[in-house]
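Survey of secondary and tertiary structure
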Amino acid sequence: MTTLTLHNTRTRRKEVFAPIDRRNVRMYVCGPTVYDRAHLGNARPVIVFDVLYRLLRHVYGAAHVTYVRNFTDVDDKINAEAQRRREAGAPGTLEELIRERSDETIAWYLEDMKAVGTLEPDEMPRATQYIAQMVAMIRDLIAKGHAYEAEGHVLFAVDSYEAYGALSGRSVEDMIAGARVEVAPYKRNPMDFVLWKPSDAETPGWDSPWGRGRPGWHIECSAMARDLLGERFDIHGGGIDLQFPHHENEIAQSTCAGHDFANVWMHNEMLQVEGKKMSKSLGNFFTVRDLLEQGVPGEVIRFVVLSTHYRKPMDWTEKKRQEAEQALRYWMDLTWELDPTPQSDLEIDGALIEALCDDLNTHLGLTYLRALHNQPQKLLDHARFLGFLGDEARAAEKDYRSKISQCFGSGPNEQLAELAGKLDELRNGAKISKDFSKVDALKQALLSAGIEVRMTKNGVELNVTPDFDASKLEALK
Ligand code: AMP
Ligand code: ZN
């Protein structure tokens, strides 16, 4: 059997993966804070860990893997968004608006992540459903001398945990110098972080031994992972931006509560825009939905993300989008007539598994798929294993094909060629008359019918896009 090696951030090297229990391989990935649409950067960990999930299911059997990804639905950003809505006149109490905001964001998130070809994790806990477990864990940390109460807050005492900083390789002094720590007079050490904080009457809150309040972000993941995966589990993942402080703090809390916590820590690098992390706070982001609405298929996003190794920073570029779109179009055409249901005895080729087992070498995985163009059935089966040419993409393709055949019957190319000829002719005439109004009008009409128009010095090329609208084209004939 192929050996699975994964890069462990904690040890800073690739290690052979040895599950704690082969019959129940357990993975936790930090999910989104649900206050807004997921941006493209947020989709990267989801796609990367989806590949790992598929691989683990393949290696250990689907029934022997548990994947948990949470929703952070207690957060000041969600509260702020609900407050903004209330000020704008939305009906309902603040609590209702908060609930509404997180419910709708979760539904969007699931829809968008499905569109990029990811499987749903086995468990998707919401932080608000685990408050009792968080309170229990905080009490335990206080009892063990790792946390203290101060002015309605409970803080984790970083000085009580010697290994604090080990994951990110920083000393507490470096952290203080480099981080924007919230200076609060009640903190014993400026790096001490909040486990529990007080809520005012308007803000969501739960009763606790320290008064009505709400949990800090870090304790949420520690408590949910403990509840769903146990005190010791195999893999903990997330973006590298979470390594410090979020994951450092999760480790501190869980270890001090007496849990072994995760064996392997995995982090994806950031998706960037012009060399800077794509993030909401920098304002340099676009959402997955923006791209889907522009007609970029979800699987194109998946392809672009997987073409770069997860531990390298990557840019989203127009060129990558085009290349991915071409590859997927080619694969779809090659495999369209074939049966997508896998044979019961389907074997996934060792070469693909080997690539993925090498710390998720998805780039090589895609190269492997590209080489299968002479074996369309094998291409289809293996592409689907990696989350491509899935049911959604095939449904969209069916739609697209039926639209085209409705309009053109069996000869779309001739009719497109005719329209292209007409446009070229108008253009040649306009070059002499200097009146381009007819050219522009026809071009515009084609575009609004969902036809891509490319005008080069060699002629005019027309291509049907998925937004193609046959009724608009009828008028042009
Ligand atoms: P957040 O909702 O910001 O906590 O992020 C949810 C997940 O997306 C976390 O695993 C983050 O590490 C990850 N993430 C956020 N921004 C990016 C980015 N630009 N590139 C890759 N991953 C990101
Ligand atoms: Zn987390």
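As a convention, each chain's residues are numbered from 1 in the sequence order in which they are written. Think of it this way: whatever chain is written first is A, whatever ligand is written first is 1, and the rest follow in order. Under the rules for a predicted model, residues below a pLDDT of 70 receive no local features and side-chain atom pairs below 80 are neither given nor counted, while totals for whole chains, interfaces and linings still include all residues. Side-chain descriptors were evaluated using all non-hydrogen atoms of the structure, hydrogens and water having been removed beforehand.

What follows is about the pairing of strand 10 (residues 261–268). Here's how the labels work: a residue is buried when its accessible area is under 20% of the maximum for its type, exposed when over 50%, partly exposed in between, all with a 1.4 Å probe on protein chains only. Secondary structure elements are taken from DSSP: a helix is a run of H or I of four residues or more, a strand is a run of E of two residues or more, and numbering for both begins at the N terminus. Here strand 10 lies mainly inside the structure; seven of its eight residues are buried. In terms of strand pairing, strand 9 (residues 232–239) meets strand 10 through seven bridges, oriented parallel. In the sheet register, Phe233 faces strand 10, and the bridge partner there is Ala262. A right-handed crossover is one whose linking path, passing over the helix from the first strand to the second, runs clockwise when the strands point away from the viewer. For the segment spanning strand 9, helix 7 (residues 243–256) and strand 10, crossover handedness is right-handed. Strands are treated as partners if at least two bridges between them are detected by DSSP.

On to the packing of aromatic side chains. Aromatic ring pairs are reported here in terms of the distance separating the ring centres and the angle at which the planes meet. The criterion for an aromatic pair is that two Phe, Tyr or Trp rings (for Trp, the six-membered ring) have centres within 6.5 Å, with stacked assigned to planes under 30 degrees apart, edge-to-face to planes over 60 apart and tilted to the rest. For the structure on display, the rule yields eleven aromatic pairs. Plain terms: the ring middles of Phe261 and Trp265 are 5.8 Å apart, the flat faces sit at 50° to each other, and that makes the pair tilted. Residue classification places Phe261 among the buried positions, given a relative accessible area of 3%. Lysine and arginine charges are scored as sitting over a ring when NZ or CZ, respectively, is within 6 Å of the ring centre and within 35 degrees of the ring normal. The side chain of Lys280 reaches across the aromatic face of Tyr35, ending 4.9 Å from its centre. Taking NZ or CZ as reference, Arg302 lies 5.6 Å from the ring centre of Phe388, over its face.

Grouping buried Ala, Val, Leu, Ile, Met, Phe, Trp, Tyr and Cys residues that are joined through side-chain atoms within 4.5 Å yields what is termed a nonpolar core. In terms of nonpolar packing, the biggest core is built from 77 residues, with Leu56, Ile301, Leu369 and Phe388 touching the most fellow members. Counting the residues that make up this core, at least three belong to each of domain 1 (20–268) and domain 2 (273–389). Contacts were defined at the residue level, with two residues in contact if any of their heavy atoms lie within 4.5 Å. Those residues in contact with Ile301 that lie beyond four places of it in its chain are Leu40, Ile47, Val116, Val288, Leu291, Leu292, Val296 and Trp316. Either an automatic procedure or a domain database provided the assignment from which the domain bounds are taken.

To continue, consider the domain arrangement of the chain. For the chain, the assigned domains are domain 1 (20–268), domain 2 (273–389) and domain 3 (408–476). Each of domain 2 and domain 3 has a C-alpha centre, and the two are 32 Å apart.

With that out of the way, let us pick up the sheet that holds strand 11 (residues 271–273). Taking strand neighbours across the sheet as the criterion, the three strands line up as 12-11-13 in an open arrangement whose pairing is mixed. At either margin of the open sheet sits one strand with a lone partner, and together these are strand 12 (276–277) and strand 13 (314–315).

This paragraph deals with the site of ligand 1. Near is defined per residue: the residue qualifies when any heavy atom it owns lies within 4 Å of the molecule or strand. With respect to spatial proximity, 19 residues lie near ligand 1, and among them Gly41, Gly239, Asp241, Leu271 and Met278 are the closest. As used in this structure description, the phrase polar contact means that two N or O atoms lie within 3.5 Å; if the pair is within protein, one of them must be able to donate a hydrogen and the other to accept it, and residues adjacent in sequence are counted only when both atoms belong to side chains. Between ligand 1 and Gly239 there is a distance of 3.0 Å, counted from an oxygen atom to a backbone nitrogen or oxygen. Summarising the interface, the protein chains cover 89% of the accessible area of ligand 1, which totals 480 Å² for the free molecule. Only helix 1 (40–60) and strand 9 provide two or more residues apiece to the shell around ligand 1. In terms of residue count, helix 1 provides more of the shell around ligand 1 than any other element does, four residues in total. Split into classes, the residues belonging to the shell around ligand 1 amount to seven nonpolar, eight polar and four charged. For the accessible areas, the method is Shrake-Rupley and the probe is 1.4 Å, while residue cover comes only from the protein chains on display. Following the grouping adopted for this structure description, the nonpolar residues are Ala, Val, Leu, Ile, Met, Phe, Trp, Tyr, Cys and Pro, the charged ones are Asp, Glu, Lys and Arg, and the polar ones are all others, Gly among them.

Our focus in this paragraph is the environment of Cys256. You can see Cys256 is positioned in helix 7. Residue classification places Cys256 among the buried residues on the basis of a relative accessible area of 7%. Measuring from C-alpha to C-alpha, the distance between Cys256 and Asp140 comes to 9.1 Å, with 116 residues separating the pair along the chain. Setting aside residues no more than four positions away along its own chain, Cys256 makes contact with Leu141, Lys144, His146, Phe156, Tyr161 and Ile251.

To obtain each axis, a line is fitted to C-alpha atoms, and for helices this fit is confined to the stretch in contact; angles are then taken between N-to-C directions over 0 to 180 degrees. Contact geometry for helix 6 (residues 217–229) and helix 7: axes closest at 9 Å, N-to-C directions at 55°. When the axes of helix 6 and helix 7 are compared, the pair comes out oblique. Crossing handedness for the pair helix 6 and helix 7: right-handed. Residue-level inspection shows Trp217, His218, Ile219, Cys221 and Ser222 of helix 6 in contact with helix 7, the latter providing Pro245, His246, Asn249, Glu250, Gln253 and Ser254. Residues that form the contact of helix 6 with helix 7 fall into these classes: four nonpolar, six polar and one charged. By the definition adopted for this analysis, an angle is roughly parallel if under 35 degrees, roughly antiparallel if over 145, roughly perpendicular if from 65 to 115, and oblique otherwise. For a crossing to be left-handed, the near helix must be turned anticlockwise from the far one by less than a right angle; the clockwise case is right-handed.

Counting buried residues along strand 4 (residues 65–69), five of its five residues qualify, which places the element largely inside the surrounding structure. Here strand 3 (residues 25–29) pairs with strand 4 via five bridges, running parallel. Paired with Val25 across the bridge in strand 4 is Val65. Of the crossover connections in this fold, the one passing from strand 3 over helix 1 to the parallel strand 4 is right-handed.

This next bit is on the sheet that holds strand 7 (residues 193–198). Strand order across the open sheet formed by four strands is 5-6-7-8, with antiparallel pairing between neighbours. Whereas interior strands pair on both sides, the edge strands pair on one side only; in this sheet they are strand 5 (147–150) and strand 8 (213–215). Across this sheet, the average inter-strand angle for adjacent strands is 20°, counted without regard to direction. Sheet topology note: the strand 5/strand 6 (residues 153–156) ladder contains four bridges and is antiparallel. Looking across to strand 6, one finds that Ala150 is bridged to His153.

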